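What follows is each chain in one-letter form.
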Amino acid sequence: GKDDALASQVFNSFGVVYYRQRKTAKAEKAFLQAWKLVSPIPPKGFDTAELLNNLGALYHMKLEFRKAEEFLKQAVKVTEIDFGETHPELSTSLAMLGVLYADTGRFRESEEYYRRALKVVESRTGEFETRVARLLHGLSMMYVMAGRKEDSEATLAEAVTIARRKIATHPD
């Protein structure tokens, strides 16, 4: 019920604090406690997607790539079902899968997920330019890892163009 959802949010928040402190055992315990509270019901909603992303990030950090992939794919599914395939939060999970696949040498899949994330945020003109620039930067770094120097340079140039435009319109 509502109490479980609130308790799950609190455990998730503790997990985030521990994750940022690199206390992975404590972060894992908190995230899994949060997951235990919401997983019996069909996973749904932004809080659940965020928790799944956090578990994915944690297992990525711990180099437990299968677990990371499992949780991140669940986050994508929950977000798509609850918010649709064009919701900007979907780009977070897609990009995290892009990073995971790049780090594991699965460059074709990495590019696919980065491109999907870009498609989501590029459809929302203007309001997500910073996110577009970050995604382009991540895609560019993946190209470097894959030995695709020309693609990396072209993609990074796009990111720089956006960054310069943002600086020109918001100099603070």
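Residues numbered from 1 in each chain as written. Predicted model: local features only at pLDDT ≥ 70, side-chain atom pairs only at ≥ 80, totals over all residues. Heavy atoms only, no water.

### Focus: the overall build of the protein
A count of helices and strands for the protein gives eight helices and zero strands. When the helices and strands of the protein are read in sequence order from the N terminus, they spell out α-α-α-α-α-α-α-α. Scaling as 2.2 N^0.38, a compact globule of 172 residues should have a C-alpha radius of gyration of about 16 Å, and the protein matches this with 17 Å. By residue count, 38% of the 172 residues in the protein fall in the buried class. (Helix = DSSP H or I, 4+ residues; strand = E, 2+ residues; numbered from the N terminus. Rg over C-alpha atoms; globule rule 2.2 N^0.38 Å. Buried < 20%, exposed > 50% of the residue type's maximum accessible area, 1.4 Å probe, protein only.)

### Looking at the packing of aromatic side chains
Scanning the model with the defined rule gives four aromatic pairs in all. A ring pair is formed by Phe-14 and Tyr-18, whose centres lie 6.4 Å apart and whose planes are at 20 degrees; its orientation type is stacked. Within this pair, Phe-14 and its partner Tyr-18 are both found in helix α1 (residues 2-20), separated by four residues, close to a single helical turn. Since its relative accessible area comes to 45%, Phe-14 is described here as partly exposed. Judged by its relative accessible area of 22%, Tyr-18 falls in the partly exposed class. For the pair Trp-35 and Phe-71, a centre-to-centre distance of 6.2 Å together with 90 degrees between the ring planes defines the contact as edge-to-face. Residue Trp-35 is found in helix α2 (residues 24-38), and its partner Phe-71 is found in helix α4 (residues 65-83); the two are separated by 36 residues along the sequence. (Phe/Tyr/Trp six-rings, centres within 6.5 Å; stacked < 30°, edge-to-face > 60°.)

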